[in-house]
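Spelled out from the first residue to the last, the chains are:
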Amino acid sequence: MADGEKESPDAPTSYDEAMEALSSLITKRSRGNNSNKGNQFDLLFHYLKILELEDALDDLKIVHVAGTKGKGSTCTFTESILRNCGFRTGLFTSPHLIDVRERFRLDGVDISQEKFLAYFWWCFNRLKTTCFTLILYHIHAAEFGRYGQERTTEDVPMPPLFRFLTLLAFKIFSAEQVHKYWFHLQHCLSCLSSETQLNWDLICYSFFVQVDVAILEVGLGGRFDATNVVQKPVVCGIASLGYDHMEILGDTLGKIAGEKAGILKRGIPAFTVQQPEEAMCVLEDKASNLNVDLQVVPPLDVNLLNGQKLGLEGEHQYVNAGLAIALSFTWLKRTGHLELANQDHTDSLPEQFIKGLTAASFQGRAQIVPDQYVDSEKDGDLVFYLDGAHSPESMEICAKWFSGAVKGEHQSDKAKPQVSSSTHQLKKNIMQVSINVHPFNQCALHESKLLSEILLATLKSSSSLAFMQILLFNCMTVRDPELLLPQLMKTCASQDVYFKKALFAPNMSVYHKVGTHALPSAVPEADLSWQLTLQRVWDNTMQKDKGREAKQVNHVAEEMKDDTGKGGGSHESSSVVFPSLPLAIKWLRDTVRQNQSVRLQVLVTGSLHLVGDVLKLIRK
């Protein structure tokens, strides 16, 4: 904070206004544009100076993690472990699913709206005012030839969206808790005599309490990522590498690994997981040049959890958990917390580590959420399996997780006792109980209704449901669906899991505007050409998969109708394009309401933006 400066003097307090201001920072450039490749990276240091964050950033004890897949989960595990060790934590991840505040977690909780607004406007207004002043100065200087004619107003722009959010994270993590002492300080100062000479900066620093550890997930790549303005991390990690963002990072694993290795700092310990040989060679070479002790850590041994389960679902999470354990132990050791750091974790883990690993949570990654707008007591079941996989490697992992999850549910249902009477006849008998009760006997009427509800619930839980797997998919146009969809279908088929239908719909969220929890009042008409392309890829893949039809026979298939979408007008079609996501969700709800013996298991994948939009629609 500047001396005596309040967080947001005369600033707007509306959250929507803040989102509008934030949206103004979204650049119109495509991801593959050359200007995105490290363009004006040094400006980040200039922004740090404007926000008075240079010293504060050096004081933060940072864990920095890059990778293609698993970096967010690794950061989540690491944060949960260190928080359960008793430390105040700050976690910065991306992207957000529903609300931008998800990117900033303090002690495991999204930052409050009040705090977010205070920090946001302080940073935004200071940057806007300073950048505008510098623009005027450069224009004036250019007129007198001080900088030459090539000096333009674009030399000092406002930072684009992700860079601003990264700077905001630094501000939040370095300044958090100062508010608790603000009014106390003002009261103390008002009681002092005018003769007392005080160093205001020293007083502020004495009461300055920041987070103990900041865990930063790289946004994209590493070398030119905004988080890489950090020069003195405590430890670095590189999660699993694969092909993604090739238009920016390069078209080989070696080139991609070189960009990810850009976060390594001279002499700072670093850890990675087992990588493809091409990528590992590059990582080892970069580490050697920087005198970095790069260690490869194995996946977590499940036996170390003492019979408990990881908080994040999927076998691949044991790889991420292993990396998080190494990062956490190293952070403890290098920050002087030897009572935990010196324990041998090859045969056992500290209780705090086990609690952190089992309590970790991360939205949109291998997440199972029932639709809260469907009454499963009287309708069929509608369950969403959410995973933001968007690369071929992560799509394979997602498919394995989904297949294991739905097969596990199916086995559990088979183990339930079956009802011998027909569903129709039993329901008729139950309803007759209520009808025969005298309408004026309110007590008996209430009891009969209660009995009916219990019997119907018992009937539903004890009768065998028909399980149907549905795919709800969308991805960005920079992705290659020829790599994603066949991988998904092939992996699921190898586990004997087959999709009855694939739904394609555009996202509700748009890339030129930062949204909130609120649903749009109206869904604008969308260009469906990309969704039709995705459908063609799916249908072509289906045609190549010989013998698949016989495995998809289901006795309730004839009851399913899809008269809402485009490109799949009959119930026999294996795919359908919907003009909007809400219409796709409505079709799913109508299906289970018309078929009470059906459980639709809907895999939502291909885009974290899609996952976030679905969460908005299915949660109350």
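In the annotation of an unreviewed UniProt entry, the protein is listed under the name Folylpolyglutamate synthase and assigned to Linum tenue. Turning to the protein, the UniProt record has this under Sequence similarities (unreviewed entry): "Belongs to the folylpolyglutamate synthase family."

Novice: Would you mind showing me how to read the pairing of strand β14 (residues 598–605) here?
Specialist: Put simply, side chains in a regular strand alternate between the two faces of the sheet. Counting buried residues in β14 gives eight out of eight residues, a clear majority hidden from the surface. Every second residue of β14 is oriented toward a common face, with Val 598, Leu 600, Val 602 and Val 604 on one face and Arg 599, Gln 601, Leu 603 and Thr 605 on the other, all of them buried. Relative to β14, strand β10 (residues 381–386) is paired through six bridges, and the arrangement is parallel. Bridge assignment links Leu 386 to a residue of β14, and that residue is Val 604. By the bridge criterion, eight bridges tie strand β11 (residues 466–473) to β14 in an arrangement that is parallel. Directly across from Met 468, in β14, lies its bridge partner Leu 600.

Novice: When you look at the pattern of salt bridges in this model, what are you seeing that I'm missing?
Specialist: Think of it this way: side chains of opposite charge can pair up when their charged atoms draw near. Inspection of every chain in the model, using the stated rule, returns 14 salt bridges. Here Glu 52 ties to Arg 126 by a salt bridge, and the two come within 2.8 Å at their closest N and O atoms. Residue Glu 52 is found in the loop between α2 (43–50) and α3 (54–59), and its partner Arg 126 is found in helix α5 (residues 113–143); the two are separated by 74 residues along the sequence. Classification of Glu 52 by relative accessible area gives partly exposed; the value is 41%. As a salt-bridge pair, Arg 599 and Asp 381 come within 2.9 Å of each other at their nearest N and O atoms. In this pair, Arg 599 sits in strand β14 while Asp 381 sits in strand β10, placing the two residues 218 residues apart along the sequence. Take Asp 381: its relative accessible area is 11%, and that puts it in the buried class.

Novice: What exactly am I supposed to notice about the sheet that holds strand β13 (residues 575–577) here?
Specialist: Adjacent strands of a sheet pair through backbone hydrogen bonds, lying either parallel or antiparallel. The six strands lie next to each other as β9-β10-β14-β11-β12-β13, forming an open sheet whose pairing is mixed. Either end of the sheet is taken by a strand with one partner, and the two such strands are β9 (367–370) and β13. If you compare each strand with its neighbour and ignore which way they point, the axes differ by 20° on average. Examined bridge by bridge, strand β12 (residues 499–504) and β13 share three bridges and lie parallel to one another. When the sheet's bridge partners are listed, Ala 502 is paired in β13 with Ser 575.

Novice: For this particular structure, what's the right way to read the nonpolar core?
Specialist: Here is a general trend for soluble globular proteins: nonpolar side chains tend to be buried in one another's company. Counting 51 residues, the largest nonpolar core has Leu 22, Phe 104, Phe 116, Phe 120, Phe 164, Leu 168 and Phe 173 as its most contacted members. Among the secondary structure elements, those contributing two or more residues to this core are α1 (15–23), α2, α3, β3 (104–106), α5, α6 (161–175) and β5 (213–217).

The rules we used
- Residues numbered from 1 in each chain as written.
- Predicted model: local features only at pLDDT ≥ 70, side-chain atom pairs only at ≥ 80, totals over all residues.
- Heavy atoms only, no water.
- UniProt positions renumbered as here; feature names shortened; annotations may be inferred.
- Buried < 20%, exposed > 50% of the residue type's maximum accessible area, 1.4 Å probe, protein only.
- Helix = DSSP H or I, 4+ residues; strand = E, 2+ residues; numbered from the N terminus.
- Pairing = 2+ DSSP bridges.
- Salt bridge = Lys/Arg side-chain N within 4 Å of Asp/Glu carboxyl O.
- Axes fitted to C-alpha atoms, helices over the stretch in contact; angles between N-to-C directions.
- Core = buried A, V, L, I, M, F, W, Y, C linked by side-chain atoms within 4.5 Å.

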